[in-house]
Amino acid sequence: MQLPIPVEENFDIQACINGDQHSFGMLVKSYQERLLRLAHYLLGGWDDAEDAVQETFIKAYKRLDSYDTSRPFSSWIFRILVNTCKDKMKSAYWRKKTSLDVLYKTSSQECDTLQNLGDKNILISAFEELSSKRRQAIVLCDIEGYTTREAGQIMHCSESTVRVTLMHARRIIRKYYLEKSTL
Amino acid sequence: MSCRHSQKWLINNYNSELIELPLSVQNHLNDCIHCQHIIQQLDTLNQKLEQLHNVSIPEKICQRMWPTVALNLQPPSFQRRYRTSWAISIPTLATAALMLALFFRISEREATPNTVTVSNQTQKSLYINNARIDGQEANLSIYEHNESRMTLIWLD
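Residues numbered from 1 in each chain as written. Chains lettered and ligands numbered in written order. Predicted model: local features only at pLDDT ≥ 70, side-chain atom pairs only at ≥ 80, totals over all residues.

**Q** Which residues make up the overall build of chain B, and what values go with them?
**A** Within chain B one finds 5 helices and 3 strands. Along the chain direction, N to C, the helices and strands of chain B fall in the order α-α-α-α-α-β-β-β. Burial statistics for chain B: of 156 residues in total, 8% are counted as buried. Considering only intrachain contacts with a sequence separation of at least 6, the fraction spanning at least 24 residues in chain B is 32%. (Helix = DSSP H or I, 4+ residues; strand = E, 2+ residues; numbered from the N terminus. Buried ≥ 20, exposed ≤ 12 C-beta atoms within 10 Å, placed from the backbone. Contact = placed C-beta atoms within 7 Å.)

Here it is in structure tokens:
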């Protein structure tokens, strides 16, 4: 499993807390790709992901005073993103979406590293089988490469809960993948 | 071990690292081409999941992210929230204290003795020192009006 790409923390968090927008701009540029990718897999489309990430940065800037500087900044901002995505998924707009297929088809065409589009679609459909929590666990640990401890900090639950959630999520995805790929 | 059991075990436990493979599963895998194929598929699945990490993010989204966020930024809310919290909490605390005071005052008034024993004395306009009411000592003045059968007890 590949490790998450290290974020170059070339921004001054204390300056951000003091309201320095330039430093916060550096922070946005450092984190935007990771946050967009996570939101994309949680929400199923780039448009929703973009909205969620913008909202996350705005919330983060507003609440910077509540950030505990002794803890990793990435966990804090990722948690805001996960909560924002959860709120979006609870919204009436989201419930109207009966299927994520259409959205994912767009993204699958952009994913040039996957040679077999059929396999990609199976994977994406498998994600739909997962609950929000399980999807978070699989995206954070198996796609983004976080440890279960880090994922627990982001998901606001214990490491053991993440392990169990991940185990169930993997089981569902494996079962789904085997069923569909043998058809 | 049957293919069904082997497949179930692999789905539940396989994670590309078959370090502690049970002997029964291992024996089955040695002979069964079908289950070997399942392992290959599960390896492919893990690779596919890892490849999802490399999804390319549309460039335009990254380019417009900061300008859009910058337009909607509000200053960190530390000072405003600090003032707001005190502005709200002082009247709230005062109201709470007033309510508590009223509650205890009302409770005190309502705490009339259930039983009054004045050592069998039923005299009119009697003043009794050190009477015991509900186990507590008090000075009582008792006024009895025979016609209306009303007794007034006054606690000093």
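**Q** Give me the lowdown on the overall build of chain A, citing residues and values where you can.
**A** Across its full length, chain A carries 10 helices and 0 strands. Order of helices (α) and strands (β) in chain A, N terminus to C terminus: α-α-α-α-α-α-α-α-α-α. With 183 residues in all, chain A has 40% of them scored as buried. Long-range pairs, those at least 24 residues apart, make up 58% of the contacts in chain A between residues at least 6 apart in sequence.

**Q** Summarise helix H3 (residues 46-62) of chain A; cite the residues concerned and give the values.
**A** For H3(A), built from 17 residues, the straight-helix expectation of 24 Å at 1.5 Å per residue is met to within 8% by its first-to-last C-alpha distance of 24 Å. Of all the positions in H3(A), only Trp46(A), Asp48(A), Ala49(A), Glu50(A), Ala52(A), Val53(A), Gln54(A), Thr56(A), Phe57(A), Ala60(A) and Tyr61(A) are classed as buried. (Expected span 1.5 Å × (residues − 1).)

**Q** Tell me about helix H4 (residues 73-90) of chain A, and name the residues and values.
**A** Residues and elements named next belong to chain A. Helix length check: H4, at 18 residues, gives a terminal C-alpha distance of 26 Å against a target of 26 Å (1.5 Å per residue), a fit within 8%. Those residues of H4 that fall on the buried side of the exposure criterion are Phe73, Ser74, Ile77, Phe78, Ile80, Leu81, Val82, Thr84 and Cys85. Here the buried face of H4 lies against helix H1 (13-17), helix H2 (21-43), H3, helix H8 (132-143) and helix H9 (148-155).

**Q** So what's going on with the interface of chain A and chain B? Residues and values would help.
**A** Each side of the interface is counted separately: chain A has 41 residues, and chain B has 31 residues. When residues of the side of chain A that touches chain B are traced back to their parent elements, those giving at least two are H2, H3, helix H6 (101-110), helix H7 (117-128), H8 and helix H10 (159-181) of chain A. Here the side of chain A that touches chain B takes 9 residues from H2(A), the largest share from any one element. Here the side of chain A that touches chain B is composed, by residue class, of 16 nonpolar, 11 polar and 14 charged. (Nonpolar A, V, L, I, M, F, W, Y, C, P; charged D, E, K, R; others polar.)

**Q** Which residues make up the packing of H10(A) against helix H3 (residues 33-51) of chain B, and what values do they have?
**A** For the pair H10(A) and H3(B), interaxial distance at closest approach is 10 Å and the crossing angle is 115 degrees. H10(A) and H3(B) meet at a crossing whose hand is right-handed. From H10(A), Arg174(A), Tyr177(A), Leu178(A) and Ser181(A) reach across to H3(B), where they touch Ile38(B), Gln41(B), Leu42(B) and Leu45(B). Of the residues contributing to the contact of H10(A) with H3(B), the split by class is 5 nonpolar, 2 polar and 1 charged. (Axes fitted to C-alpha atoms, helices over the stretch in contact; angles between N-to-C directions. Left-handed = near helix turned anticlockwise from the far one by under 90°.)

**Q** Give a detailed account of the confidence of the model for chain B, specifying residues and quantitative values.
**A** Residue and element names in this part refer to chain B. Taken as a whole, chain B shows an average pLDDT of 72; of its residues, 58% reach a score of 70 or greater. Across residues 113-117, confidence stays below pLDDT 50; counting only partners more than four residues off in sequence or on other chains, it has 7 contacts. For this predicted complex, the interface confidence comes out at an ipTM of 0.72, alongside a pTM of 0.62. (pLDDT = per-residue confidence, 0-100.)

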